[in-house]
Amino acid sequence: MRLAFFGDVIGKSGRDGISDHLPRLRRELGLDFVVVNAENAAGGFGITENTAKELFMAGADCLTLGNHSWDQREALTYIVREPRLIRPANYPRLMDAPGAGANLFETQSGKMVLVMNVLGRVHMDAVDDPFGAVERELAACPMGIAADAVIVDIHAEATSEKMAMGHFCDGRASLVVGTHTHVPTADAQILPGGTAYQTDAGGCCDYDSVIGNEKEEPLRRFTTRLSGGRYSPAHGPATVCGVYVETDDKTGLATRIEPIRVGGRLSQSVPVAA
């Protein structure tokens, strides 16, 4: 299979970038399944039904979330009606979070793709163990038996926690990819057991910014320690960042991973389909 994962979509710039570039990428790369992290899609904070529909119309098959999952209150009810929206699987049980932290999707060719999303715990709000949550989902829907491919989105701050998750899943997932820090890392690789990995897919946003936000407010807070208001997404052209993965149909393991960067300010990197 040919899979693609795109990092955090930030505000209108990121949504426009996905709408402008994903249809062509999907066509030219012959993508079978596309996952987009959309937890910052609505004005930089959370997701709404309308912003989700924009991304689905552009070609996303599934949207994952993160620590901003519930910033827009309508997400609490929309996720119940929309199985293609995946929130973190490791919220505390007492929270009784709506929706699902993992789901199995069927591609047009009949292949089954398991997608899951977890939150990290290092330098983030306290949640349940992400490794235990991933272990439960992998055991319930093992690759090669119930799923033809498995994609794990670890939404975390610490690179070490993301890398640990990659090795934890190695040989049991097609792709483990990090989100949340909004900057693409240069470590796309296939781990020894055959799992494709990148520490952060990067944000789909205007990079003339501070991690996708207009520069003034972050600079004010860093230099004066005073808040002058909410962060707001930068509005320039977005660089759409993600990863492209090819898998072995027999095993579900990765045979190829390459970064995707298209549009905006960053150096461009678009894989060439074989």
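Because the structure is a prediction, the values reported are computed rather than measured.

Give me the lowdown on the nonpolar core, citing residues and values where you can.
In this structure, F6, I18, I47, L63 and I260 are the most contacted members of the largest nonpolar core, which totals 35 residues. Grouped together as the second largest cluster of nonpolar side chains are 22 residues, M143, A156, C169 and Y197 included.

Before we move on, could you go through the side chain of S174 and cite the residues and values that matter?
Tracing the backbone shows S174 in the loop between α5 (159–169) and β8 (175–179). You can call S174 buried: its relative accessible area is 0%. Of note is the side chain of S174, whose polar atom sits 2.6 Å from the backbone oxygen of G252. Excluding its chain neighbours within four sequence positions, the residues that come into contact with S174 are L3, M143, A149, V150, T195, A196, V245, T247, G252 and A254.

Describe the environment of T223, and please don't skip the residues or the numbers.
One can find T223 in helix α6 (residues 216–224). Separated by 64 residues in the primary sequence, T223 and T159 have C-alpha atoms spaced 25 Å apart. At 2.7 Å, the side chain of T223 and the backbone oxygen of L219 are in polar contact.

Would you mind going over the pattern of salt bridges in detail, with residue names and values included?
Scanning the entire structure with this criterion turns up 15 salt bridges. The salt bridge partner of K12 is D16, with a shortest N-O separation of 2.7 Å. Pair noted here: K12 and D16 are both in helix α1 (residues 11–29), with a separation of four residues, about one helical turn. The salt bridge involving E54 is made with R15; its shortest N-O contact spans 3.2 Å. With a gap of 39 residues between them, E54 in helix α2 (residues 49–58) and R15 in helix α1 connect regions that are remote in the sequence. Note on E54: relative accessible area 30%, which makes it partly exposed. Here the residues in one salt-bridge network are E49, K53 and R81, joined through shared partners.

Residue-level account of the pairing of strand β1 (residues 2–6), with values.
With four of five residues buried, β1 lies mostly within the body of the structure. Two elements, β1 and strand β11 (residues 240–247), share five bridges in a ladder whose sense is antiparallel. Bridge pairing links A4 to Y244 in β11. Here β1 pairs with strand β2 (residues 33–37) via four bridges, running parallel. The residue bridging F5 from the neighbouring strand is V35, located in β2.

Quick one: what's the story with the packing of α1 against α2, residue by residue and with numbers?
The contact between α1 and α2 brings their axes to 8 Å, and the two run at 15°. Of the possible angle classes, the one that applies to α1 and α2 is roughly parallel. In the packing of α1 onto α2, the handedness of the crossing is left-handed. For the pair α1 and α2, contact is made by R15, I18, S19, L22 and P23 and by T51, E54, L55 and A58, respectively. Along the lines of polarity and charge, the residues of the contact of α1 with α2 split into five nonpolar, two polar and two charged.

Criteria and thresholds
Residues numbered from 1 in each chain as written. Predicted model: local features only at pLDDT ≥ 70, side-chain atom pairs only at ≥ 80, totals over all residues. Heavy atoms only, no water. Core = buried A, V, L, I, M, F, W, Y, C linked by side-chain atoms within 4.5 Å. Buried < 20%, exposed > 50% of the residue type's maximum accessible area, 1.4 Å probe, protein only. Helix = DSSP H or I, 4+ residues; strand = E, 2+ residues; numbered from the N terminus. Polar contact = N/O pair within 3.5 Å; in protein donor to acceptor, adjacent residues only side chain to side chain. Contact = heavy atoms within 4.5 Å. Salt bridge = Lys/Arg side-chain N within 4 Å of Asp/Glu carboxyl O. Pairing = 2+ DSSP bridges. Axes fitted to C-alpha atoms, helices over the stretch in contact; angles between N-to-C directions. Parallel < 35°, antiparallel > 145°, perpendicular 65-115°, else oblique. Left-handed = near helix turned anticlockwise from the far one by under 90°. Nonpolar A, V, L, I, M, F, W, Y, C, P; charged D, E, K, R; others polar.

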